[in-house]
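Breakdown of the fold
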Protein chains: 2
Amino acid sequence: MPRIEVGKPTPYPIVIGEGVLKEVPRSQGPYALLYDQNVEGFAQEVAEALGVPHRLGLKGGEGAKTLEVYGKVLSWLAQRGLPRNTTLLVVGGGTLTDLGGFVAATYLRGIPYLAFPTTTLAVVDASVGGKTGLNLPEGKNLVGAFHFPRGVYAEVGALRTLPAFTFREGLVEAFKHGLIAGDEALLEVEGLSPEHPSLAGYLARAVAVKVAITEEDPLERGKRRLLNLGHTLGHALEAKTRHALPHGAAVAYGLLYAALLGRALGGEDLLPSIRGLLLWLAPPKLPPLFWEELLPYLLRDKKKVSESLHWVVPLGLGRLEVRPLPEALLKEAFALWQEELARLALLEG
Amino acid sequence: MPRIEVGKPTPYPIVIGEGVLKEVPRSQGPYALLYDQNVEGFAQEVAEALGVPHRLGLKGGEGAKTLEVYGKVLSWLAQRGLPRNTTLLVVGGGTLTDLGGFVAATYLRGIPYLAFPTTTLAVVDASVGGKTGLNLPEGKNLVGAFHFPRGVYAEVGALRTLPAFTFREGLVEAFKHGLIAGDEALLEVEGLSPEHPSLAGYLARAVAVKVAITEEDPLERGKRRLLNLGHTLGHALEAKTRHALPHGAAVAYGLLYAALLGRALGGEDLLPSIRGLLLWLAPPKLPPLFWEELLPYLLRDKKKVSESLHWVVPLGLGRLEVRPLPEALLKEAFALWQEELARLALLEG
């Protein structure tokens, strides 16, 4: 079964495959289980495998990442008098692991937790890097902590219950990791399905890219910024659509734009493979947009980093640059981007 | 001016004296100031000295340590778009620094902060050890993080506005540090007042004890448990009185009980100096209590540590033991404790 050993800052395994529950080492202290009601069946399996008396089901999605739900989970733990050596088990997608990880980071000033990601996005993205957190009314992920799980156990069987689009969406991040690391195998998403025998291996390969990058730059000071490839425009599209656009779709659109920037700067033409990604993904269409409409959402990112807006630009497979860009070039690429979208029949109306 | 350099886990200075604001190094990023409305005047001085545009005044006390106030402060920071290199300045007593420290630990997954403690308790206790956190409806300090300030600046001038009892109360912890470290100078609280020229030196000496212990045991696995001297009974008294009894008073009562346990185990007789402490402190009187009434509150502590109740017992100055004790001995000491209280005219009715 594919297994990746994360080394820094704290060592833990990421196990991906069929029947991962057999791989979970038993803890001496008590367990408490937090799960997304959407995957109640798998949560039940986890609870039975580990003998968990305390279980709390929540509605997944961004609605789970609020201070209100956070307080509810904390009180649930406290009412049961659960001590510092309790292991919190978190079963669900990225929103549940973000919430559960933050609860574990802060309940009694920190308890251990294990993550059981049940979406492709959570496997590829949320299981590495130690980011946990919540949203505020003012914006996403504005509160949180770095807190690493003691282990991540991704059951491929649980991915079979995912809606087809959600399954594909998560693999956009894996594709992105392929661009960053120059790993062509990760660009071949087309054949993948929840039943495909190479799925676990593919996911492990994508995870390994993120592990390597975050180990080199745990606190997002340098190389880790490469992981933002496609995310600058992606986040702006998400904000502009008030998060009606799914994250994976926004990133895929952002990758197309990044590829256009790369080509404009004399880089390799990566458009063919990204067009392939978009056609396979079949994301929701976008409304026609003016550059000026999107600009305020782009600059919001800038304000947060307190410096001029930097773009992650792919100049070829595994060859990326992080740099500010002149607005004229950004606008030109934006016009080409809209033309591409029209050609791919991804523009509304 | 007395200055203690904390070394681990992150280095920072604790500066205590008159005119500490001159000692604060300037940050490159923006400042935001969180302060207790009770010390508005001193907060104003801090804001002017550092040129702080963003200020939020709160009502201090345990009411500040709620998820609700926490969310309010986070939103206040987010609405101003304050970036990751913002330094949060926290001016107030221990409840404000606990809250502000936790905000700093988690806003944008962690920003730097400086503490300006304005009570003797906050200087001696809250400025060392990195504990930050909030209360839940289920109990005190059940949520939080370890997050160390970049510096602690204790202005002795600000202590002059404290109510006299609050001033004395904080020094109970300093006295406790004297017992733990065997530093007799710390037992001489009687002459101290906000105006006394040796106050800054006395506070620095008490702080140094806690610094030495927490550096040796940052995560409270071993030696740091000595700091709980007087707190086992103290916490139970606080809980039993629904926190009507001030913390310093509860700890002073707890020290008396601990001294009786020490004497019963053949230790040195520390009662004379603790009687002196209580007479000087003039704490609120206690109602007569039965051992059986207090027991559930003592056992609550036990549940949290998931092991049998341990007592910190002083067998002499600087000579302590941490151990479980038979109930017969605990009950006997409890009876003697009530007799002592009656003799000191600290029992109601």
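Looking up chain A in an unreviewed UniProt entry gives the name 3-dehydroquinate synthase, with the organism given as Thermus aquaticus.

**Some thoughts on the packing of helix H5 (residues 164-181) of chain A against helix H8 (residues 247-264) of chain A**
Residues and elements named next belong to chain A. Running from N to C, H5 and H8 point in directions that differ by 35°, and their axes come no closer than 8 Å. In this structure, H5 meets H8 at a crossing whose hand is left-handed. Taking contact as the criterion, the partners of Phe165, Glu169, Val172, Glu173, Phe175, Lys176 and Leu179 in H5 are, on H8, His247, Gly248, Ala249, Val251, Ala252 and Leu255. By residue class, the composition of the contact of H5 with H8 is 8 nonpolar, 2 polar and 3 charged.

**Examining helix H3 (residues 94-106) of chain A**
Residues and elements named next belong to chain A. Under the 1.5 Å per step criterion, the end-to-end length of H3 is 18 Å for 13 residues, consistent within 8% with the ideal 18 Å. Across the 13 residues of H3, 12 count as buried, placing the element largely inside the fold. Every buried residue of H3 is accounted for by Thr95, Leu96, Thr97, Asp98, Leu99, Gly100, Gly101, Phe102, Val103, Ala104, Ala105 and Thr106. Within two residues after H3, leucine 108 carries a phi angle of roughly 50°, on the positive side.

**Structural notes on the layout of surface pockets**
All names here are of chain A. In this structure, the second largest pocket occupies an estimated 190 Å³ of space. Contributing to the lining of the second largest pocket are Pro25, Arg26, Ser27, Gln28, Gly29, Asn85, Thr87, Pro112, Leu114 and Arg150. Across the lining of the second largest pocket, the residue classes tally to 3 nonpolar, 5 polar and 2 charged.

**Things to note about the packing of aromatic side chains**
Geometrically, a pair of aromatic rings is defined through the distance of the ring centres and the angle of the planes. With the rule as written, the count across this model stands at 18 aromatic pairs over all chains. With a centroid separation of 6.4 Å and an interplanar angle of 45°, the aromatic rings of tyrosine 12 of chain B and phenylalanine 148 of chain B are classed as tilted. Taken together, the residues span a long stretch of sequence, with tyrosine 12 of chain B in strand E2 (residues 12-17) and phenylalanine 148 of chain B in the loop between strand E8 (139-146) and strand E9 (151-155) at a distance of 136 residues. The burial state of tyrosine 12 of chain B is the same as that of phenylalanine 148 of chain B; both residues are buried. Measuring from centroid to centroid gives 6.4 Å for tyrosine 257 of chain B and phenylalanine 334 of chain B, while their planes differ by 75°, and the two rings are edge-to-face. Placement of the pair is tyrosine 257 of chain B in helix H8 (residues 247-264) and phenylalanine 334 of chain B in helix H11 (residues 327-343), with a sequence separation of 77 residues. With relative accessibility at 0%, the residue tyrosine 257 of chain B sits in the buried group. The structure contains a cluster of three or more aromatic residues connected by ring pairs, namely Tyr253, Tyr257, Trp291, Trp311, Phe334 and Trp337 of chain A.

**Notes on helix H7 (residues 231-240) of chain B**
Structural remark: α-helix, 3.6 residues per turn; residues separated by three or four positions point the same way. Residues and elements named next belong to chain B. Burial analysis of H7 places 7 of its 10 residues in the buried class, the great majority of the element. Among the residues of H7, those classed as buried are His231, Thr232, Leu233, Gly234, Ala236, Leu237 and Glu238. The first or second residue beyond H7 is arginine 242, which carries a positive phi of 50°.

**Some remarks on the relation of the copies chain B and chain A**
Expressed as a screw transformation, the operator carrying chain B onto chain A has a rotation angle of 180° and an axial translation of 0.0 Å, and the superposed copies differ by an RMSD of 0.0 Å. Here the copies are linked by what is in effect a two-fold axis. Taking C-alpha positions as reference, the residue of chain B nearest the rotation axis is leucine 67 of chain B, located at 3.8 Å. Interface residue correspondence from chain B to chain A reaches 100%, placing this contact among same-surface, isologous pairings.

**Comments concerning the sheet that holds strand E6 (residues 113-117) of chain B**
All names here are of chain B. As summarised here, the arrangement of the 7 strands in space is E1-E2-E9-E6-E5-E3-E4, forming an open sheet in which the pairing is mixed. Either end of the sheet is taken by a strand with one partner, and the two such strands are strand E1 (3-6) and strand E4 (54-58). Pairs of neighbouring strands in the sheet enclose a mean axial angle of 15°, with direction left out of account. Bridge count between E1 and E2: 4 bridges; the pairing is antiparallel. Bridged to isoleucine 4 within E2 is isoleucine 14. Relative to E4, helix H2 (residues 67-79) is tilted by about 165°, and along the sheet it contacts strand E3 (31-36), E4 and strand E5 (87-92).

**Some points on the sheet that holds strand E4 (residues 54-58) of chain A**
Residues and elements named next belong to chain A. Overall, mixed pairing links the 7 strands, which are arranged E1-E2-E9-E6-E5-E3-E4 in an open sheet. Each edge of the sheet is formed by a strand with only one pairing partner; in this case those strands are strand E1 (3-6) and E4. Put simply, the sheet's adjacent strands are angled 15° from each other on average, direction ignored. Taken together, the 4 bridges between strand E2 (residues 12-17) and strand E9 (residues 151-155) define a ladder with parallel strand orientation. Counted as the bridge partner of isoleucine 16 is alanine 154 from E9. Along the sheet, H3 makes contact with strand E3 (31-36), E4, strand E5 (87-92) and strand E6 (113-117), crossing E5 at roughly 165°.

Rules used in this analysis
Residues numbered from 1 in each chain as written. Chains lettered and ligands numbered in written order. Predicted model: local features only at pLDDT ≥ 70, side-chain atom pairs only at ≥ 80, totals over all residues. Heavy atoms only, no water. Axes fitted to C-alpha atoms, helices over the stretch in contact; angles between N-to-C directions. Helix = DSSP H or I, 4+ residues; strand = E, 2+ residues; numbered from the N terminus. Left-handed = near helix turned anticlockwise from the far one by under 90°. Contact = heavy atoms within 4.5 Å. Nonpolar A, V, L, I, M, F, W, Y, C, P; charged D, E, K, R; others polar. Expected span 1.5 Å × (residues − 1). Buried < 20%, exposed > 50% of the residue type's maximum accessible area, 1.4 Å probe, protein only. 1 Å grid on protein atoms, 1.4 Å probe; cavity = no way out; pocket = protein on both sides within 12 Å on 5 of 7 lines; lining within 4 Å. Points joined across faces, edges and corners; volume = space filled by probe spheres on them. Phe/Tyr/Trp six-rings, centres within 6.5 Å; stacked < 30°, edge-to-face > 60°. Least-squares fit on C-alpha atoms with pLDDT ≥ 70 in both. Pairing = 2+ DSSP bridges.

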